[in-house]
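Commentary on secondary and tertiary structure
Given next are the chains, with one letter for each unit.
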Amino acid sequence: MVNILHRVGIAASANKVYEALTTLEGNQGWWDSNAKGDAKKNGVLTFFKDVDMKVVETQPNELVKWKCVRGPAEWVDTEIIFELVQRGAQTFVLFSHVGWKNPVEFMHHCSTQWAYFVVSLKELVETGKGHPAPDEMKLYAP
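Here the structure is a predicted model, which is why all the values come from computation and not from measurement.

Cut-off values and rules
- Residues numbered from 1 in each chain as written.
- Predicted model: local features only at pLDDT ≥ 70, side-chain atom pairs only at ≥ 80, totals over all residues.
- Heavy atoms only, no water.
- Helix = DSSP H or I, 4+ residues; strand = E, 2+ residues; numbered from the N terminus.
- Rg over C-alpha atoms; globule rule 2.2 N^0.38 Å.
- Contact = heavy atoms within 4.5 Å.
- Core = buried A, V, L, I, M, F, W, Y, C linked by side-chain atoms within 4.5 Å.
- Buried < 20%, exposed > 50% of the residue type's maximum accessible area, 1.4 Å probe, protein only.
- Pairing = 2+ DSSP bridges.
- Arc of directions from axis to C-beta.
- Expected span 1.5 Å × (residues − 1).
- Polar contact = N/O pair within 3.5 Å; in protein donor to acceptor, adjacent residues only side chain to side chain.

1. Observations regarding the overall build of the protein chain
Regarding its fold elements, the protein chain presents three helices and seven strands. Scanning the protein chain from its N terminus toward the C terminus, one meets helices and strands in the order β-α-α-β-β-β-β-β-β-α. In terms of overall dimensions, the protein chain is globule-like: its C-alpha atoms have a radius of gyration of 14 Å, near the 14 Å expected for 142 residues. The long-range fraction of contacts in the protein chain, counting pairs at least 24 apart against all pairs at least 6 apart in sequence, stands at 46%.

The following block contains the structure:
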């Protein structure tokens, strides 16, 4: 199995980052402005109309873990993990998308997109405005 890994520092408390990951409004602010569902533990969030993420674990100010239960074939049964590590006035987000069966071309695309959206999370928390879909920068020709 192969994984996507990213790390970004956010000038905010772990609590503020955790809130952006565990509320519908927060997820709409950094990843998909049309997201629907429940961002709390055991809830299901729907992104892009056809991607369902079950919230399988939360540890306040430390961890948020989702499992893809519906979406692209390469994503189903993979996990999205946000580990939060606060150091002083900065919180580091250690992002992982784990469980890919093969490093297919789609994984390369997703790695770049995830990097962009983790930076969008940083922008949301630090400034109050992220760059969620559908208004994100397009990293491919339409």
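2. Considerations on the nonpolar core
Among the nonpolar cores identified, the biggest contains 37 residues, and Trp30 and Trp66 are the most heavily contacted of them. Counting residues per element, the ones that place at least two in this core are β1 (2-10), α1 (14-21), β3 (44-47), β4 (51-59), β5 (63-70), β6 (79-87), β7 (90-100) and α3 (105-127). If you tally residues by element for this core, the top one is α3, at nine residues.

3. Digging into the pairing of β5
Looking along a regular strand, one sees the side chains alternate between the two faces of the sheet. Relative to β5, β4 is paired through seven bridges, and the arrangement is antiparallel. Paired with lysine 54 across the strands is lysine 67, a residue of β5. What sits between β4 and β5 in their antiparallel hairpin is a turn of three residues, with asparagine 61 showing a positive phi close to 65°. Relative to β6, β5 runs antiparallel, the two sharing five bridges. In the sheet register, lysine 67 faces β6, and the bridge partner there is glutamate 79.

4. A closer look at α1
Note that an α-helix has 3.6 residues per turn; residues three or four places apart therefore point the same way. If you check which residues of α1 are buried, you get Ala14, Val17, Tyr18, Ala20 and Leu21. Projected onto a plane normal to the axis of α1, the buried residues spread over an arc of 160° and lie on a single side.

5. Here's the deal with the environment of proline 134
Mapping proline 134 onto the fold places it in the segment after α3. Separated by 117 residues in sequence, proline 134 and valine 17 place their C-alpha atoms 22 Å apart. Not counting residues within four places of it along the chain, the set of residues in contact with proline 134 comprises Ser33 and Asn34.

6. What about α3?
A rise of 1.5 Å per residue sets the reference length of α3, with its 23 residues, at 33 Å; its end C-alpha atoms lie 33 Å apart and thus fit the reference within 8%. Listed as buried for α3 are Met107, Cys110, Gln113, Trp114, Tyr116, Phe117, Val118, Ser120, Leu121, Leu124 and Val125. Packing partners of the buried residues in α3 comprise β1, α1, α2 (24-30), β6 and β7. Positioned one or two residues after α3, glycine 128 has a phi angle of 90°, which is positive.

7. Describing the side chain of glutamate 136
Relative to the assigned elements, glutamate 136 resides in the segment after α3. Of the polar contacts made by the side chain of glutamate 136, one reaches the side chain of lysine 138; its length is 3.1 Å. Excluding its chain neighbours within four sequence positions, the residues that come into contact with glutamate 136 are Tyr116, Phe117 and His131.

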